[in-house]
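# Working through the structure, step by step
Spelled out, the chains give:
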Amino acid sequence: MDGFNRSCVLALLASLHGTCVSAAPHPALPVDKTAFINQLLEQMTPEEKVGQLRQRFTSSEMPEPEVLQTIAAGNTGAMFGAAGRAVLRTLQDAAVKHSRLKIPLFFSYDVIHGHRTIFPISLGLASSWDMDAIALSGRIAAKEASSDGMDMTFAPMVDISRDPRWGRISEGFGEDTYLVSRIAGVMTKAFQGESPSSPDSIMACVKHFALYGAVEGGRDYNSIDMSMVRMYQDYLPPYRAAIDAGAGSLMTALTTLNGVPATANTWLLQDLLRRDWGFKGLTLSDHGAVAELIEHGVARDGQDAARLAIRAGINMSMSDTYYGQALPGLLRSGEVSEQALDNAVRHVLNAKYDMGLFDDPYRRIGMASDDPTDAHAESRLHRAQAREVARKTLVLLKNRDHTLPLKKQGTIALIGPLAKNPVDILGSWHALGQASQSVTVYDGLKNALGNTATLLYAKGANITEDKSSFDRLADGKIDIDSRSFMQMREEALKIAWRSDVIVAVLGESRGMSHEGASRTNLNLPGRQSELLSALKATGKPLVLVVMNGRPLTIGGEHDLADAVLETWFSGTEGGNAIADVLVGDYNPSGKLPITFPRSVGQIPTYYNHLNTGRPLTAGESALYKSQYFDLLDSPLYPFGYGLSYTDFSLSDITLSTQRLMTDESLDASVTVKNTGARDGETVVQLYIQDISASISRPVKELKGFQKIMLKAGEERTLHFTVNEQDLKFYNSSLEYAAEPGEFNLQIGLDSQNVKQQRFEWQCDLCDTAI
Ligand code: NOJ
């Protein structure tokens with residue numbers, strides 16, 4: 001807003017002759033950022049500097065006078081958790097109208113998979129393998145969040161996870177480094193748009209640096225211990241991809257990495273992040289993580305914790321206690337240098353500058369006269385886009401004898417605790433999504449069927465009978481029916497007997513796949529499996545629609561059901577999107593971004609594991625082979641798997657050469673044919689295996705994919721280019737290089753069912769002794 005520029009920035013600029021010129025990206029924005037920030041720093045007291053390093057929480061209620069006073073006293077750099085333009089305006093007023101230096105606050109929020117219009121959870125978005133759809137979800141989230149006054153989102157969360165016991169697996173994009181890295185870049189760019197300074201952009205804060213998804217046993221906040229090769233090869237690239245895409249900020253993990261908490265980890269925050277990767281942005285601790293250094297057992301007290309964190313490279317402390325309490329004293333005693341403090345403050349101010357807040361602190365909050373009369377107004381939603389994206393995230397896991405799509409006639413029994421449930425369908429981290437605006441499966445089917453078929457509904461079972469343990473995880477919103485399971489099942493069976501087909505919508509409550517929500521058992525919770533068995537006994541065609549935030553061990557349910565549709569938590573328009581697929585108005589094309597285990601005991605089941613010296617080989621004796629003798633060796637559903645209402649065939653692979661030289665490319669082509677009766681999309685996936693190298697390499701790794709639409713009967717030849725870059729890996733000295741030798745190249749419609757060819761890479765310049 002002009003007032004701010006007149007009152008503060010221009011006053012500062014008056015001493016910086018000639019720094020404000022009309023060629024600047026925003027006319028009023030001072031072009032010499034460094035000079036501007038240096039000038040500002042010179043005017044700040046140590047207390048004001050410390051204040052900039054504190055990010056504080058407030059709810060969306062009108063802030064307490066104490067909060068406003070603290071801001072006006074210059075003791076706060078940013079706020080998170082508050083939503084709504086009026087609230088944010090009041091907070092910003094306290095900073096820019098009442099604090100001495102009038103430095104604006106920035107406002108952050110967990111905009112993870114949508115803001116007001118909720119898109120499918122991240123694991124669902126990844127199932128689309130559709131970068132345009134994913135980008136659209138991020139761009140719309142940014143537009144909606146920025147028009148509510150937000151400047152930053154705590155996303156994308158790009159933690160690779162191979163353990164579905166971990167509830168936060170729902171928030172990430174799956175198990176594969178290549179796919180998650182692609183999405184990390186796409187999401188970062190989508191949030192930030194043209195620039196983080198644009199009024200309709202929000203700054204991305206990539207998290208959780210680093211390796212949060214590798215917590216031992218999948219128990220949230222647990223320790224992480226990992227070899228450097230695995231770290232560099234598999235877990236670090238997605239963070240790097242977000243940074244290379246321009247992410248303006250980064251959040252550390254709440255966990256320890258090889259014994260050192262990420263929040264006190266100099267190697268992570270300085271050597272790797274700043275020195276090796278060249279990150280110039282802002283680093284944030286996670287919520288309360290500086291104080292948690294005491295519980296981690298690396299800090300004696302709050303003072304020690306603040307000292308360790310700022311020295312390691314945490315610029316801003318989220319939900320801060322000890323930066324505020326201890327840094328002024330640490331500065332006086334010389335335990336923290338003025339240079340270290342200035343360095344952290346400079347990053348905060350740089351971020352504010354990059355968000356355009358020195359140009360206009362109200363650029364996203366806007367003027368009160370423009371505030372929407374109803375913040376939840378329908379006109380502020382993006383329903384068509386949410387439905388379009390959600391349809392792409394649904395994964396057809398089984399379809400015996402074309403049980404699906406449903407005929408738009410006769411009687412359909414819709415049964416299950418998630419069938420008419422507007423709360424859980426929004427998923428974890430639903431930001432400002434309103435349950436009253438979400439479309440349930442019941443609503444969606446009603447819309448799709450109109451008067452052509454009869455839709456009967458019964459709840460059938462509760463998601464869980466254990467209200468107390470899950471209440472906490474669902475904001476008290478778990479809807480537990482007081483009737484007994486027997487009563488509910490009987491009601492469900494009555495409508496099942498009257499119907500031509502049964503659609504059972506079963507799964508988890510959204511809070512079960514969330515922060516602090518790890519599970520030791522990945523079965524359908526409660527008595528839902530019993531319900532499914534009872535429904536099966538009717539002999540009617542049985543469709544299972546699963547709603548969940550993680551892979552579940554649903555092998556038994558897979559066997560019972562004639563068709564299985566994985567729908568994750570699909571958001572505001574989820575019910576319409578699911579109905580589109582159920583009745584065949586949309587042909588599903590989603591592919592799993594994560595392996596489904598048969599049993600918790602099999603975890604981890606990631607597809608790109610190393611070979612052992614004794615792999616189990618089909619057709620050979622299983623004695624003394626690497627396997628569990630009490631269960632099949634394969635996963636329930638492999639990475640990359642997903643069916644369609646049509647069928648696709650793949651030709652053998654043609655290679656342009658079987659001998660690839662340095663600086664050359666190889667072309668691998670396949671012809672994909674839609675052999676079925678309807679148009680459809682599929683994802684053609686390229687995998688490479690380095691057969692023999694200086695260290696053991698994975699059995700295969702995803703290196704590319706193409707999502708294509710083919711009309712019924714149509715065929716198309718696809719080309720994949722492979723060069724030295726695709727063959728590189730981190731060796732035991734952490735050098736990133738390809739090694740000459742033979743490689744298997746595989747192309748398939750999932751990670752297991754593939755065509756294969758072999759080629760050799762010859763390296764003119766390599767040391768042949770390798
Ligand atoms: C803690 C979570 O770990 C983090 O991902 C989130 O952004 C913050 N809380 C703020 O809600």
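Residues numbered from 1 in each chain as written. Predicted model: local features only at pLDDT ≥ 70, side-chain atom pairs only at ≥ 80, totals over all residues. Heavy atoms only, no water.

## Points about the overall build of the protein chain
Which entries qualify depends on this criterion: Strands are runs of DSSP state E lasting at least two residues, helices are runs of H or I lasting at least four, and both sets are numbered from the N terminus onward. Atoms counted for the radius of gyration: C-alpha only. Globule rule: 2.2 Å times residue count to the power 0.38. Three labels apply to residues, based on accessible area from a 1.4 Å probe with only protein chains included: buried if under 20% of the type maximum, exposed if over 50%, partly exposed otherwise in between. All accessible-area figures derive from a Shrake-Rupley calculation using a 1.4 Å probe, and residue coverage is judged against the displayed protein chains alone. The positive count covers Lys and Arg only, the negative count covers Asp and Glu only, and His and the chain ends enter neither. Note on charges: their place is set at NZ of Lys, CZ of Arg, CG of Asp or CD of Glu.
The number of helices and strands found in the protein chain is 23 helices and 27 strands. Computed over C-alpha atoms, the radius of gyration of the protein chain comes to 27 Å, within 12% of the 27 Å expected from 2.2 N^0.38 for 770 residues, which places it in the range of a compact globule. Dimensions of the protein chain, computed from C-alpha atoms along their principal axes, come out at roughly 80 × 70 × 50 Å. Of all 770 residues assigned to the protein chain, the portion counted as buried reaches 62%. Surface summary for the protein chain: the accessible area is close to 28300 Å², and the carbon and sulfur share equals 48%. Taking the 74 positively charged and 91 negatively charged side chains of the protein chain as two groups, their mean positions are separated by 3 Å.

## Section: the packing of aromatic side chains
Think of a pair of aromatic rings as described by two things: how far the centres are apart, and how the planes are tilted against each other in angle. Which entries qualify depends on this criterion: Only Phe, Tyr and Trp rings are paired, with Trp represented by its six-membered ring, and only when their centres lie within 6.5 Å; those with planes under 30 degrees apart are stacked, over 60 edge-to-face, the remainder tilted. Any Lys NZ or Arg CZ found within 6 Å of a ring centre and within 35 degrees of that ring's normal is scored as a charge over the ring.
In total, this model carries 20 aromatic pairs according to the counting rule given. Summarising the aromatic geometry, the rings of Tyr-730 and Tyr-736 are spaced 4.6 Å apart at their centres and angled 35 degrees between planes, so their arrangement reads as tilted. Site record: aromatic cluster; members linked through ring pairs are Trp-129, Tyr-178, Tyr-607, Phe-639, Tyr-687 and Phe-705. Seen from the ring of Tyr-442, Lys-420 lies directly overhead, with NZ or CZ sitting 4.2 Å from the centre.

## Let's talk about the confidence of the model for the protein chain
Detailed reading of the predicted coordinates is not advisable wherever pLDDT is low. Inclusion rule: Every residue gets a pLDDT, meaning the predictor's confidence in that residue, from 0 to 100. Only heavy atoms enter the contact rule, under which two residues are in contact if any of them lie within 4.5 Å.
When pLDDT is averaged across the protein chain, the result is 94; 94% of the residues are at 70 or more. Counted against residues more than four places away or in other chains, residues 1-8, with its pLDDT under 50, gives 21 contacts. This model gives residues 13-27 a pLDDT under 50, and the stretch forms 20 contacts once residues within four places in sequence are excluded.

## Concerning the pattern of salt bridges
We count it as follows: Any Lys or Arg side-chain nitrogen found within 4 Å of a carboxyl oxygen on Asp or Glu counts as a salt bridge.
Throughout the structure, instances matching the rule amount to 45 salt bridges. Taking the shortest distance from any N to any O, the salt bridge between Lys-49 and Glu-338 comes out at 3.8 Å. One end of the pair, Lys-49, is in helix H3 (residues 46-52); the other, Glu-338, is in helix H15 (residues 338-354), with 289 residues separating them in the sequence. With a closest N to O distance of 3.5 Å, Asp-244 and Arg-240 form a salt bridge. A residue pair is termed a helical-turn pair when its members lie 3 or 4 positions apart in one helix, as Asp-244 and Arg-240 do in helix H10 (residues 237-244) at 4 residues. Here Asp-244 falls in the exposed class, since its relative accessible area comes to 52%. Salt bridges sharing common partners tie together Asp-110, Arg-168, Glu-171, Lys-207 and Glu-515.

## What to know about helix H17 (residues 441-449)
What counts is decided by this rule: This arc is built from the directions going out from the helix axis to the C-beta atoms.
Three or more residues of H17 are buried, namely Val-441, Tyr-442, Gly-444, Leu-445, Ala-448 and Leu-449. In an axial view of H17, the angular spread of the buried residues amounts to 160 degrees, which keeps them on one side of the axis. Taken together, the buried residues of H17 touch strand S12 (411-415), strand S13 (454-458), strand S14 (501-507), strand S15 (542-547) and helix H22 (574-582).

## Comments concerning the sheet that holds strand S22 (residues 701-710)
In plain terms, the rule: At least two bridges found by DSSP between two strands is the condition for calling them paired. Axis definition: a line fit to C-alpha positions, over the contact stretch in the case of helices; interaxial angles, taken between N-to-C directions, run 0 to 180 degrees.
Judged by pairing direction, the sheet is mixed, and its 5 strands sit side by side in the order S19-S27-S26-S21-S22 without closing on themselves. Edge positions in the open sheet fall to strand S19 (659-661) and S22, since each of these has one partner strand only. Adjacent strand axes in the sheet meet at a mean angle of 25 degrees when their direction is disregarded. Examined bridge by bridge, S19 and strand S27 (residues 754-762) share 3 bridges and lie parallel to one another. Directly across from Leu-660, in S27, lies its bridge partner Trp-761.

## A closer look at the side chain of Thr-263
Defined as follows: Contacts described as polar in this section are N or O atom pairs within 3.5 Å, which, within protein, must combine one atom able to donate a hydrogen with one able to accept it, while residues neighboring in sequence count only if both atoms come from side chains.
Note that Thr-263 resides in the loop between strand S8 (260-261) and helix H11 (266-276). Look at Thr-263 and you get buried, because its relative accessible area is 2%. A distance of 3.5 Å separates the side chain of Thr-263 from the side chain of Thr-252, its partner in a polar contact. Apart from the residues lying within four places of it in its own chain, the contact partners of Thr-263 are Thr-252, Ala-253, Ser-285, Ala-289, Val-290, Leu-293, Ala-309, Ala-312 and Ile-314.

## Observations regarding unusual backbone geometry
For the bond running from Leu-404 to Pro-405, omega is 0 degrees, close enough to zero to count as cis. Mapped onto the elements of the fold, Pro-405 is located in the loop between strand S11 (395-399) and S12. Here Ile-603 and Pro-604 are connected by a cis peptide whose omega angle stands at 5 degrees. If you trace the backbone, Pro-604 turns up in the loop between H22 and strand S17 (648-650). Even without a glycine there, the phi angle at Lys-102 is positive, about 60 degrees. Turning to its location among the elements, Lys-102 is positioned in the loop between helix H5 (85-96) and strand S3 (106-109). Positioned with a positive phi, His-402 is a non-glycine residue whose angle comes to about 55 degrees. Note that His-402 resides in the loop between S11 and S12. Owing to a relative accessible area of 58%, His-402 belongs among the exposed residues under this scheme.

## Structural notes on a nonpolar patch on the surface
The following threshold applies: Nonpolar side chains (Val, Leu, Ile, Met, Phe, Trp, Tyr) within 5 Å and like charges within 9 Å form the patches, drawn only from residues with over 30% relative accessible area and no salt bridge.
Together, Tyr-628, Leu-631 and Leu-632 give the surface a local cluster of nonpolar side chains, amounting to about 300 Å² of exposed area. Here Tyr-628 shows up in the loop between H22 and S17.

## What about the nonpolar core?
Filter applied, for reference: Remark: nonpolar core denotes a set of buried residues (Ala, Val, Leu, Ile, Met, Phe, Trp, Tyr, Cys) joined through side-chain atoms within 4.5 Å.
Counting 211 residues, the largest nonpolar core has Leu-91, Phe-209, Leu-211, Leu-236 and Leu-582 as its most contacted members. When neighbours within four sequence positions are excluded, Leu-582 is seen to be in contact with Leu-404, Pro-405, Leu-406, Val-441, Leu-445, Val-503, Val-543, Val-545, Leu-565 and Tyr-645. Counting 26 residues, the second largest nonpolar core, distinct from the first, contains Val-684, Val-722, Phe-743 and Leu-749.

## Here we look at the packing of helix H13 (residues 302-312) against helix H14 (residues 322-333)
Convention followed: For this classification, under 35 degrees means roughly parallel, over 145 means roughly antiparallel, 65 to 115 means roughly perpendicular, and everything else is oblique. Each residue receives one of three labels: charged for Asp, Glu, Lys and Arg, nonpolar for Ala, Val, Leu, Ile, Met, Phe, Trp, Tyr, Cys and Pro, and polar for the others, Gly being one of them.
Packing of H13 against H14 brings their axes to within 8 Å, and their N-to-C directions diverge by 85 degrees. The angle between H13 and H14 falls in the class roughly perpendicular. Across from Gly-302, Gln-303, Ala-306, Arg-307, Ala-309 and Ile-310 in H13, the residues of H14 making contact are Tyr-322, Tyr-323, Ala-326, Leu-327 and Leu-330. A breakdown of the residues in the contact of H13 with H14 according to their chemical character gives 8 nonpolar, 2 polar and 1 charged.

## Considerations on the sheet that holds strand S9 (residues 282-284)
Spatially, S9-S6-S5-S4-S3-S2-S1-S10 is the arrangement adopted by the 8 strands of the open sheet, whose pairing is parallel. Where the open sheet ends on each side, the last strands, each with one partner, are S9 and strand S10 (317-318). As judged from the 2 bridges shared by strand S4 (residues 152-153) and strand S5 (residues 203-209), these two strands associate in the parallel manner. Each bridged residue has a counterpart across the sheet, and for Met-152 the counterpart in S5 is Met-203.

## Brief notes about helix H4 (residues 65-72)
Turning to H4, its buried residues are Val-67, Thr-70 and Ile-71. Down the axis, H4 shows its buried residues gathered within 100 degrees of arc, on one side only. For H4, the exposed residues set more than 90 degrees away from the buried face come down to Pro-65 and Gln-69. Contact partners of the buried residues in H4: strand S1 (54-57), strand S2 (78-80) and H5. Remark: Gly-74 follows H4 within two positions and exhibits a positive phi of approximately 80 degrees.

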